[in-house]
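Architecture and fold: a report
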Amino acid sequence: MNRNALLEFAAVFLATLLASILYVGPSDYDDTYIYMRYVQNWLHGHGMVYNIGERSHGVTSLLWTFILAPLTAFLGNTVQVWKACGAVFFALGAGFIWLSLERAASQRARLLCVLPCILAPFTLRWSSTGMENGLTALSLGLFTFISEHASRGAQPRSDGRWVVTLGALAGALPFVRPELALASATVIMLTPMWAGRGRAFWRVLVSSSSVGVLLALMSLASFGSLLPQTAAAKFSTLAQHSPFYGFRQAALLLCSGSGVAVCYIALHPVAVRRHRL
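Just so we're clear, the structure is a prediction, and the values are computed from it rather than from any experiment.

Examining a nonpolar patch on the surface
The grouping of Val213, Leu217, Leu220 and Leu226 at the surface amounts to a nonpolar patch, some 360 Å² of accessible area in total. Tracing the sequence through the fold places Leu226 in the loop between helix H10 (199-223) and helix H11 (229-238).

Spelled out as structure tokens, the structure:
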């Protein structure tokens, strides 16, 4: 990565961070306090529980909980810390999406891809409330960046590492938000289109499966459940009159900002492969 790319990354990061902080302001959300209570009990040695002595899985994002738990041990388990971390993660995600588009035709084309990811109302509204949305943006940003490198053929020695990392992220996405399992499945299914069914495909499959199993075991060990109670409650209470509720919610999430990133992830490696042929 050259000096200009680093400067552009810093500019996109700072602009996105400022936009998130100014737009969201002092707002927070009740889910943030749920995360904080789980982490507070963990910090006091009671485990990842909401009520002491009672196991439950009341957090939407396993990874957001596990990442913030050690950070809050040093920075303090306060709403301000959770909000700041969400804003920083969100801005990092925008920066990685920008870097992944370095081979685009023009700066304008890059802006047209990045701005919808930042300014989509659902995305920006929750970016620094202390919820997992910042981590969602960072995960998809890293996904676009790593998929760009995994699809390149100019540096064959580094391809293996990028492909394995891409698979690992695919395995981790459902534990950022359960709805992102759709993005993971899409990437894994489309891998043969740009990598063939050779070594790269199996690297993605094995690394994604390994990370997915590991995080599933961590979820079981920490919460005693694989599926967050929030997701289960929505399915049982809100989906009883509509069997397509879960699908609509996942589609809404993907189309409210992250859809641009997911489309890029899915289609760019295919375009690169066809260009080589």
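What follows continues from the structure just given.
Points about the packing of aromatic side chains
Following the criterion strictly, the structure yields 9 aromatic pairs and no others. Between the aromatic rings of Tyr35 and Trp82, the centroid separation amounts to 5.7 Å while the plane-to-plane angle is 25°, which identifies the pairing as stacked. Taken as a pair, Tyr35 in helix H2 (residues 30-43) and Trp82 in helix H4 (residues 79-100) lie far apart in primary sequence, 47 residues in all. There is no split in this pair, since Tyr35 and Trp82 are both buried. Summarising the aromatic geometry, the rings of Trp64 and Trp82 are spaced 5.9 Å apart at their centres and angled 75° between planes, so their arrangement reads as edge-to-face. Taken together, the residues Trp64 in helix H3 (residues 62-75) and Trp82 in helix H4 connect sequence positions 18 residues apart. On the basis of relative accessible area, Trp64 is assigned to the buried category, the value being 0%. Residue Trp82 is classed as buried on the basis of its relative accessible area of 0%.

Calculation notes
- Residues numbered from 1 in each chain as written.
- Predicted model: local features only at pLDDT ≥ 70, side-chain atom pairs only at ≥ 80, totals over all residues.
- Heavy atoms only, no water.
- Patch = residues over 30% accessible without salt bridge, like charges linked within 9 Å, V, L, I, M, F, W, Y side chains within 5 Å.
- Areas by Shrake-Rupley, 256 points an atom, 1.4 Å probe, with all protein chains shown as cover.
- Salt bridge = Lys/Arg side-chain N within 4 Å of Asp/Glu carboxyl O.
- Helix = DSSP H or I, 4+ residues; strand = E, 2+ residues; numbered from the N terminus.
- Phe/Tyr/Trp six-rings, centres within 6.5 Å; stacked < 30°, edge-to-face > 60°.
- Buried < 20%, exposed > 50% of the residue type's maximum accessible area, 1.4 Å probe, protein only.

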